[in-house]
Amino acid sequence: MNRKQLRILFCHWRGWPFGGGEIYLFKLIRALRDDGHRISFLTQKDPLNEKIAGISWHEIAPAPGWRNAKTQWKTIRSILAQETPDVVHLHETNAFLAPYAVNQLCRWMPSVLTLHFAGVVCLNGTRYLHDGSICQHKVGFQCMRCLSIHPRRIRKMLLQWLWLNSLKHVRCVTVGSGWLKGFCMRNGFSPDRLYDLAPYWHEPGRGMARPEKSREILFVGRLREDKGLFHLLHALAWLKDLDWHLIIVGEGEQKDRVYDYIKEMGFRDRISLTGTAPQEKVGTYYVRGAFLVFPSLFPETFGIAGAEAMSAGLPVIAYNAGGISDWLVHGRNGLMVHRGDVQGLSQAIRQLLEDPKLRREMGQAARQDMSVRYSRGSHMENLYQIYEKALLTDT
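Residues numbered from 1 in each chain as written. Predicted model: local features only at pLDDT ≥ 70, side-chain atom pairs only at ≥ 80, totals over all residues. Heavy atoms only, no water.

## Section: the overall build of the protein chain
Part 1: In terms of helices and strands, the protein chain carries 12 helices and 13 strands.
Part 2: Out of the 395 residues belonging to the protein chain, those deemed buried represent 56%.
Part 3: Expressed as a percentage of contacts within the protein chain between residues at least 6 apart in sequence, the contacts between residues at least 24 apart total 71%.
Part 4: For the protein chain, the exposed surface amounts to about 17,500 Å²; the carbon and sulfur share of it is 52%. (Helix = DSSP H or I, 4+ residues; strand = E, 2+ residues; numbered from the N terminus. Buried < 20%, exposed > 50% of the residue type's maximum accessible area, 1.4 Å probe, protein only. Contact = heavy atoms within 4.5 Å. Areas by Shrake-Rupley, 256 points an atom, 1.4 Å probe, with all protein chains shown as cover.)

## Notes on the nonpolar core
Most often, soluble globular proteins keep nonpolar side chains buried together rather than apart.
Part 1: Phe10, Ile29, Leu32, Tyr286, Val316, Trp327 and Tyr387 are the most contacted members of the largest nonpolar core, which has 57 residues in total.
Part 2: Element by element, the count of residues in this core is highest for helix 1 (residues 20-34), at 7 residues.
Part 3: Setting aside residues up to four positions removed in sequence, Tyr286 forms contacts with Ala209, Leu218, Val220, Leu292, Ala305, Glu308, Ala309, Ala312 and Leu314.
Part 4: Ala235, Leu236, Tyr261 and Ala290 belong to the second-largest nonpolar core, a separate cluster that totals 36 residues. (Core = buried A, V, L, I, M, F, W, Y, C linked by side-chain atoms within 4.5 Å.)

## Observations concerning the pairing of strand 11 (residues 291-294)
Part 1: Covered by surrounding structure in strand 11 are Phe291 and Val293 together with Leu292 and Phe294, the residues of both alternating faces.
Part 2: Judged from the 2 bridges that link them, strand 8 (residues 216-220) and strand 11 form a sheet pairing that is parallel. Residue pairing across strands places Ile217 opposite Phe291, the latter belonging to strand 11.
Part 3: Taken together, the 3 bridges between strand 11 and strand 12 (residues 316-319) define a ladder with parallel strand orientation. (Pairing = 2+ DSSP bridges.)

## Some details on the pairing of strand 5 (residues 111-114)
Part 1: Burial along strand 5 is two-sided: Ser111 and Leu113 facing one way and Val112 and Thr114 facing the other are all buried.
Part 2: Strand direction decides the pairing type here: strand 4 (residues 87-90) and strand 5, joined by 3 bridges, are parallel. Paired with His89 across the bridge in strand 5 is Val112.
Part 3: Each parallel crossover has a hand, and the one from strand 4 via helix 3 (residues 99-108) to strand 5 is right-handed.
Part 4: Here strand 5 runs beside strand 6 (residues 172-175); their pairing, made up of 3 bridges, is parallel. Each bridged residue has a counterpart across the sheet, and for Leu113 the counterpart in strand 6 is Val173. (Right-handed = clockwise from strand over helix to strand, strands pointing away.)

## Some remarks on helix 6 (residues 229-237)
Part 1: By the criterion of burial, helix 6 is predominantly enclosed, with 8 of the 9 residues buried.
Part 2: Every buried residue belonging to helix 6 is among Leu229, Phe230, His231, Leu232, Leu233, Ala235, Leu236 and Ala237, and all of these are buried.

## Considerations on the sheet that holds strand 9 (residues 245-249)
Think of a sheet as strands paired side by side through backbone hydrogen bonds, with each pair either parallel or antiparallel.
Part 1: With respect to topology, 6 strands assemble into an open sheet ordered 10-9-8-11-12-13, the strand pairing being parallel. The open sheet has two free edges, formed respectively by strand 10 (271-275) and strand 13 (334-337), since each of these has just one partner strand. Across the sheet, the axes of successive neighbouring strands diverge by a mean angle of 20°, strand direction being ignored.
Part 2: Direction of pairing for strand 12 relative to strand 13: parallel, over a ladder of 4 bridges. (Axes fitted to C-alpha atoms, helices over the stretch in contact; angles between N-to-C directions.)

Read these as geometric descriptors, not functional statements.
Shown next, in the form of structure tokens:
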């Protein structure tokens, strides 16, 4: 469909592919550039930044608090004068933009916000309670139970509150799942400003997996406590009688602990750590795998790794946390396990390892579901309609 070519300024705190949110964002920027839109990008200064060809790139000093907020806004105004964007598309900005700057930016310009994770709508920034369960409360006085009275924590809480308050001026907010949409509504976001837009689209040109032919189990994600890798390792410890090989794709602060556990359990020949891999390489792991295990304890906004695996024709085993249930249908394209149930996770892995036919059928259903629900054309059309609504709201 022919559309007016837009000038879009993206704002995000990282200019390099750190995680699923950045992978989606940079893929989106390239797609919009290729469709003829004029794209500019604002981020913080970082030696790891990877500039994108054909994109006007701007780096500024971070000022997430009160200090230097007006100076930062003055710099941003000069960028706005240079780029003259039709719309500003905010992603994760609370780590480098002052609440004052976000507030002014959204007042000055038609704005769209993409929420990548629910932690930003949390004064503690985690969405966890002290007992490890996922918080279901809206932001309010009950949040004090999760915050110490240390001056630094109080300062963090106040800055987070100011940042949340600045979001009231955003014209349109995109959410990646039904779970996140409901969460935002409980926290005061007006339903008429919330728009469903999964941070993913299916790429039909990818290779097709043959899960029934493989014994390779995949884990793709950062090696952090909340990604659930040790839940997966403990689950596999009960499956020594089966033939399997685990491939761990990712880096993180728990890497040394993972190595120690592998050595302790005698799994050196059964587990491989690849480290961080480019998307093209990750795609080859999907094609040769049997299934992906996605045991995230964190309430994922969407879960891009799971959707990517399904696009390649792999079934997925995952904990039921956050927005996973938007794309994982238990018994059809994968298996859903109650969050934190390591024994249930082990049983689900055994079920797929012992049934190649089930892996094949679920893998075929997974690829079909992704191609039908998450096409590139529908994604770009929905996004353009959101941009148009932001522009109309401004008028």
